[in-house]
Amino acid sequence: MIEQCCPCPYIMVDNHPSRHDPSYIITHRIHSSISHFTEFLIKSCLPDLSNKRKEFIRGLDMTAAWEISNFINSEKSLTEPYVARKIFENIRCGSALFFGNSMTVRDADMYGSNWVQCTHNASLMISSGLPCHGVHVSGNRGASGIDGLISTAVGFAVGCNKRVLLVMGDVSFLHDTNGLALLRQRTSRKPMVILVVNNHGGAIFSQLPVANTTDRSILNQFFYTTHDVSIRHLCLAHGVKHVQVQTKTELQDALFASQRENADCVVEVESGIDTNVEFHSNLRNFTRQASDHALSILSKLSVEDSTLHYKISKMEYSLYRVKLNAPTTAASRNSNTTTSYREGFVISLSLEDGSIGFGEVAPLEIHKENLHDVEEQLRFLIHAMEGNTIDNSLPLLKSSISSWIWNNLGIPPGSILPSVRCGLEMAILSAIASTHGTTLLDILHPQKDEISKNPSPVQICALIDSYGTPMDTAFIASNLVAEGFTAIKIKVARRSEPDEDIAAIKEVRKKVGPHIVLRADANRKWTYDQAVKFAHSVKDCCLQYIEEPVNDENDIVRFCEETGLAVALDETINCIRENPLRFLEKYIHSGVTAIVIKPSVIGGFENAALVARWAQQHGKTTVISAAFESALGLSAYIQFARHLDLQNCEMQKLTNKISAPITSHGFGTYKWFNEQVTEYSLNIRHNPNHNCVEADAIEAGQFLQKCRLNPDIVVRAFLADQVKEYQLAVDSGGAHYSINVVETGESIDGTMVVFLHGFLGTGGDWMPIMKAASISARCIAVDLPGHGGSKLKHHQGIDGSDRPDLSMDVVVDIVRKVLDNLTSEKVILVGYSMGARIALYTALKCSNKVEGAVIISGSPGLVDEDSREIRKAKDEFRASTLVSNGLRFFTEAWYAEELWASLRGHPHFKQIVNNRLQHDDLLTLGKVLSDLSIGKQPSMWEDLKQCKVPLQLIVGEKDTKFKAIAREMQTKIGHENGIANPTPVVEIPDSGHAVHLENPLAVIAAINQFIKRGN
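Owing to the predicted nature of the structure, the values given are computational and were not obtained by experimental measurement.

Rules behind the numbers
- Residues numbered from 1 in each chain as written.
- Predicted model: local features only at pLDDT ≥ 70, side-chain atom pairs only at ≥ 80, totals over all residues.
- Heavy atoms only, no water.
- Helix = DSSP H or I, 4+ residues; strand = E, 2+ residues; numbered from the N terminus.
- Rg over C-alpha atoms; globule rule 2.2 N^0.38 Å.
- Buried < 20%, exposed > 50% of the residue type's maximum accessible area, 1.4 Å probe, protein only.
- Contact = heavy atoms within 4.5 Å.
- Areas by Shrake-Rupley, 256 points an atom, 1.4 Å probe, with all protein chains shown as cover.
- Lys, Arg positive; Asp, Glu negative; His and termini not counted.
- Charge placed at Lys NZ, Arg CZ, Asp CG, Glu CD.
- Disulfide = S-S within 2.5 Å.
- Salt bridge = Lys/Arg side-chain N within 4 Å of Asp/Glu carboxyl O.
- Pairing = 2+ DSSP bridges.
- Axes fitted to C-alpha atoms, helices over the stretch in contact; angles between N-to-C directions.
- Phe/Tyr/Trp six-rings, centres within 6.5 Å; stacked < 30°, edge-to-face > 60°.
- Lys NZ or Arg CZ within 6 Å of the ring centre and 35° of its normal.
- Expected span 1.5 Å × (residues − 1).
- Arc of directions from axis to C-beta.
- 1 Å grid on protein atoms, 1.4 Å probe; cavity = no way out; pocket = protein on both sides within 12 Å on 5 of 7 lines; lining within 4 Å.
- Points joined across faces, edges and corners; volume = space filled by probe spheres on them.
- Nonpolar A, V, L, I, M, F, W, Y, C, P; charged D, E, K, R; others polar.

> For this particular structure, what's the right way to read the overall build of the protein chain?
A count of helices and strands for the protein chain gives 39 helices and 33 strands. Rg of the C-alpha trace for the protein chain: 33 Å, near the compact-globule value of 31 Å for 1015 residues, within the 12% margin. Seen through its C-alpha atoms, the protein chain measures out along the principal axes to roughly 100 × 90 × 65 Å. Across the 1015 residues of the protein chain, 55% fall into the buried class. Taking contacts inside the protein chain between residues at least 6 apart in sequence as the whole, the part at least 24 apart equals 78%. Carbon and sulfur atoms form 51% of the exposed surface of the protein chain, whose accessible area is close to 44,500 Å². When the 99 basic and 114 acidic side-chain charges of the protein chain are each reduced to a single mean position, those positions are 1 Å apart.

Right, here's the structure in full:
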C-alpha cells in the first residue's frame, strides 16, 4: 500500500546548483538549461522520428496556424485574440512586454506572434555577431495572480530601462489602481503603456468547466466578479492619459501612437465575457476542423510506401488556338472579324516517377496580361523548377504553395501573373494526384472510400451575353431552360442606359417562370444612378443577385442599402494581392451575399481558397467561375468547386446553421467552344434525377488524369533555346583578356540584349532572366574582367604590382570591343550595380553602339570631392582585404552591410554567397574593386544632360539610397536635357538592392516594357 501511495515523480530542471524546494516535493533534480534538456529529451524519446513524420507534423502545424490567423483576422469586430496578435505586430524591437495573468497571457501565448519587426541597424547587428534585438517578455504571478501588477511593471520598466507595454485584464487593473500613482513618478524611466482588456469581470472562468455547471448569477457574483467601474475616471483621477478603443482601426492607431509618444498611457480595449466565450469557442472549432481536414489529406498522401518529396523531371508548355462559337463576353464587339478564337497555353509537369500533371494558362483582357508576358514567365519557371521538388503539403492550400514558391523557387509569390500562377498550381496539384493514382478533388477533400465512389455533382449556371433585343435574350433563356439549366446569368450594361436591360430581365422572367434562378452581371459598367434605376425597376423579377452593379467599389454597400438588391463581388476581389482579409472587411455587409471567384484572375487555387473561406465564414455564397478556359481548365475548376461546396456544408454543420441551397457555378462558358483543346470532351449534361445541368467532379478528375491534347489545335510547343558559352579575345590598355560570354535565344527583329553583372557576380546571374527574354531577343551575358570565366592574359609580372589598369575607361573599352565582336548593330545594355555604372558610361560615351540601357541599382558617380576621396580610400582598403584575407572573409563583411539587408532575407542567400566564392583570380578581382571604385570613376551627372540614348532606371522599393539616386537622375535627364517624356523609374516591389535576384519576374517585365517602347 505504501508503494502504491508513493507520490508521482516530480522533476525539476534548473541551470543552478542550489535547491528550490520549500515544500519538499521534488523527487529528481536535473542540473541543465531548459534548451539543452529539451534537445536531449527529443533525441532520447524520438530517436526514429523520420523526415516524413516531421513533414507530417509541420503540415498540421502550418494548417492550424493559418486557420487561427485567418479566423482572427476575418472577424470584423475587435476580439481579445486579435489584441494578443496585434501587440506583437506593433511593438518596436528593443521594447519590453509585461503580461498580466489569466486570459491576457494565455491569449498571447496561443495567438500572439513569435517575432517583432526589427527597427535596428541590421549591419550593426550582423557585424557585431549579435542577432536582431528581441523583445524582453516578463510577468509576475503574484500571490493570487492579480495583485500588484501595475506596481511590479513600473519597477520592471525602471530596471530594464526600456519602453514597457503592460498587458492585463480589468480585474487585475482594479486590484492595483494605486500603482497608477507610480506612473507620475517618472524617475529614470521611459514612457510606459498599459493595455487593459476590459471584459467587465474575470473572463478566465468562462473558459473553464465551472462555467458549464454553475448558475450564471453565481458566476457573476463569485467567479466573474462583474463590475461597472470606469477605468477612464480612475485614469483621470491619477492624471494619466486614457484612450478607449472599440475597433481594430482604433487599436492600431492607439498602439502606434502610444509607442512613439513621450508620455504614459492607458489603452482600454472594450470587450465582453459572452462574446469572448463565443469567439474562442468558434476559433477552437474551426481550427479543429481545419486540422482534421489537413490530417485527412496528409494521411492519404503519406502512406507507408510513398515518398515524401517528388522530384520534378521537366516542365513544358504548348500554345493552343481553338475556334469559338462567338466572341467571349470580355471581347470588344467593334471588331469586324467573323471568326473568334481562344488562345492559351497547356502546361505539362512531369515528375521523376513518370506522373504528369496538367495546367492551363489562358489570359483574357480582364487579366491585364498578354500571351507574350505569360510565355516569358513560363520560360522562367521552366528554368527555375528544373531539379526542384514538390511535396504532400501543397494540397493543404494554407499558404503552402506560396511558401513553396518563395523557398524553393526564390521568387515572391505575388510576382507571378495570376493566370500563370493558376496554371502552375493546377499542374502541381494534378501531378501530385497523378502520382497517387487519384483525382485533384480527392487530394483537396479526401473522402472515405465508399463515399468517394458516389457521384459528386456540380451544378452549372448558364451564361447569356445580351447584345440582342429583350425578346432575343428571352428566347435564348427559354432554350437554355429547355436544355435543363435551372440558373442563368445575364450580362447587362452593354448599352449606354439600362432601359433595355430592364426590359430584357422582365421579359426573361416572364418567359422562364418564377423557379429559374436569375443573376445579372454589370461588370462595373454603370454609374451609381444607373445601377439604382435598374435595381428599382427589376425589384419584382426576383434576381438572386447582381454582380458589380456600380463603377466605384466604394458605392457597393450604399447601393445594397438603398435598393435592397443583393450584390455579388467579382472584379472587386480580382485586384486583391496583399492583406485580402483587411480589404474584404468592408464587404461583410449582409447585402453582399455572394463572391464570384475566377481562379485564373485572382491568382490560383490557394488565393481562391482564402477568399472562399472568408466568404463561407460570413455566410456568403461562393461561386467559382471560369474565364473561358478550355475543358482542361474547367475540369480542375469543377473539382475545386465541389471541394468548396463540401467545405461549406461542413462549416454550416459546425456553426449549426441551416444548409444553404446548392450553388450553381459559373461554368456555362463551355458552350462557347467550337473546338476542343483535348482529344475527348468533358462530360457536362442534364441530370434528370436532379433536374439540372451539371458536371460530375469525379468524372472531371478522371478526365484531367487522362488528359491528351488535340494535336490539331497546337500552334507550337516549347523548344528550349541552346545555351552557348565561349571566349572572346580582347586587347585593351596593353593587356590581353579572354572574356567569357554566355548566349541564348535568337532575335526575330534584330534585338540583342547584353547583360552586365555586379561586383562578385557572373554572367550566370542573368541566366533565369535571359531564358525568359530569349523568346524574342538574342540574350548575351558577359563575365567582366576578374570575374567568372574571364581571364587576364598578362605576363609582365606575377606579384600584381604592374597589373594593368582596370579603370572605367578601360573596362568600357573592353565591353565596346566585345560588342563589336558580337554584332555590327546597336544593342540594349542591361547592367546591375557595378555593371549598371559600366552600362551607363558605355551608353554615354559609345552612343553609336547602344540602342538603349537599363540601369538597375546604378549610380552616375560622386560629385563631391571629399566624398570621392573617402570612398576611394574605402574601396582600396576593401581590395587589400580581399587579396590578403580571401573571399570568404571578404564576403562575410561585404554582405553584412546595410545595402544587403533585404537580400539576406532571401531563401537562396547562402547559395548566392557560395557562388560568389568561386572566383579564383583574387588579384584581378581586387584591382577591379579598386580601379572601378565610384570614388575614382568620372562623375557622369553632367553627361546625363546630353544623354541621347533611351534609359530605364530600375530600383528596389526597399533600397532607399538608390531610389533617391534614381529620382535625381530622372530629374537631370528629363528636364535639363529637354526630353518630353522623362526617363521612367521602375520600383520593383519586395526587393532591395539586388532586384534581379530578389524579384526577377518583375525585372523581366520592366525590361520587356522598355524593349517594347524602343521598338
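Picking up where we left off.
> In this structure, what is going on with the state of the cysteines? I would like to understand it.
Disulfides are covalent bonds that connect the sulfur atoms of two cysteines. In the structure shown here, the tally under the stated rule is 0 disulfides. C265 forms no disulfide, and the closest cysteine sulfur to it belongs to C235, at a distance of 8.2 Å. Taking relative accessible area as the criterion, C265 reaches 3% and is therefore assigned buried. Cysteine C541 is unpaired, with the sulfur of C542 as its nearest cysteine sulfur at 7.5 Å.

> Is there a simple way to think about the pattern of salt bridges in this case?
Side chains bearing opposite charge may pair, as long as their charged atoms lie close to each other. Evaluated as defined, the whole model comprises 49 salt bridges. For E897, the salt bridge goes to R878, with nearest N and O atoms at 2.6 Å. With E897 in the loop between helix 33 (887–894) and helix 34 (901–904) and R878 in helix 32 (residues 865–885), the pair connects residues that are 19 residues apart, well separated along the chain. Residue class for E897 comes out partly exposed when judged on its relative accessible area of 26%.

> What am I meant to see in the sheet that holds strand 20 (residues 621–624) here?
To summarise the sheet geometry, strands pair through backbone hydrogen bonds and adopt either a parallel or an antiparallel arrangement. Within the open sheet, the 7 strands sit side by side as 14-15-16-17-18-19-20. Their pairing is parallel. The sheet terminates laterally at strand 14 (462–465) and strand 20, the two strands that pair on one side only. Strand-to-strand twist across the sheet, computed as the mean angle between neighbouring axes with direction ignored, equals 25°. The strands touched by helix 22 (residues 556–563) are strand 17 (543–547), strand 18 (567–569) and strand 19 (592–597); relative to strand 18, the strand with the most contacts, the crossing angle is about 165°.

> Would you mind going over unusual backbone geometry with me for this structure?
For H200, which is not glycine, the phi dihedral falls at a positive 60°. Taking relative accessible area as the criterion, H200 reaches 25% and is therefore assigned partly exposed. For S833, which is not glycine, the phi dihedral falls at a positive 55°. Tracing the backbone shows S833 in the loop between strand 30 (827–832) and helix 31 (834–845).

> How should I be thinking about the pairing of strand 26 (residues 735–744) in this particular structure?
Every other side chain in a regular strand lies on the same face of the sheet, so the side chains alternate between the two faces. Of all the 10 residues making up strand 26, 9 are buried; the element is thus mostly covered by neighbouring parts of the structure. In terms of strand pairing, strand 25 (residues 723–732) meets strand 26 through 10 bridges, oriented antiparallel. Within the sheet, the bridge partner assigned to V723 lies in strand 26 and is T744. Between strand 25 and strand 26, which follow one another and run antiparallel, lie 2 residues, and G733 among them has a positive phi close to 60°. With 3 bridges joining them, strand 26 and strand 29 (residues 791–793) adopt antiparallel strand pairing. Each residue of the ladder has a partner; that of S738, found in strand 29, is K791.

> Please explain the packing of aromatic side chains as it appears in this structure.
The way to describe two aromatic rings as a pair is by their centre distance and the angle between their planes. Tallying each qualifying case throughout the model produces 19 aromatic pairs. Measuring from ring centre to ring centre gives 5.5 Å for F98 and F156, while their planes differ by 50°; the resulting arrangement is tilted. You can see F98 sitting in strand 3 (residues 96–99) and its partner F156 sitting in helix 6 (residues 149–160), a full 58 residues away along the chain. With respect to burial, F98 and F156 carry one shared label: buried. Site record: aromatic cluster; members linked through ring pairs are F759, F890, W894, Y895, W900 and F909. In this arrangement the basic side chain of R260 is found over the ring face of F256, its NZ or CZ atom lying 3.9 Å from the centre. Positioned above the aromatic ring of Y341, the side-chain terminus of R321 is 3.8 Å from the ring centre.

> How should helix 6 be read in this particular structure?
Between the first and last C-alpha of helix 6 there are 16 Å, a value that for 12 residues agrees with the 16 Å anticipated at 1.5 Å per step. When we look at burial in helix 6, the residues that qualify are L149, I150, A153, V154, F156, A157 and C160. Buried positions in helix 6, seen along its axis, are confined to an arc of 160° and lie on one side of it. In this structure, the buried residues of helix 6 make contact with strand 3, strand 4 (136–139), strand 5 (164–169), helix 7 (170–174), helix 8 (180–183) and strand 6 (192–198). Positive phi shows up at N161, right after helix 6, with a value of about 55°.

> Explanation requested: empty space enclosed by the protein in the structure shown.
A probe as big as a water molecule, rolled over the atoms, marks out the empty space that is left. Scanning the entire structure with this criterion turns up 9 cavities of 30 Å³ or more. The space that makes up the largest cavity amounts to roughly 100 Å³. Lining the largest cavity are W66, H293, P395, L396, L397, K398, L444, A609, R613, H643, L644 and Q647. Breaking the lining of the largest cavity down by element, the ones donating at least two residues are helix 26 (605–617) and helix 27 (631–654). If one sorts the elements of the lining of the largest cavity by residue count, helix 27 sits on top with 3 residues. Among the residues making up the lining of the largest cavity, the classes are represented as 7 nonpolar, 3 polar and 2 charged.

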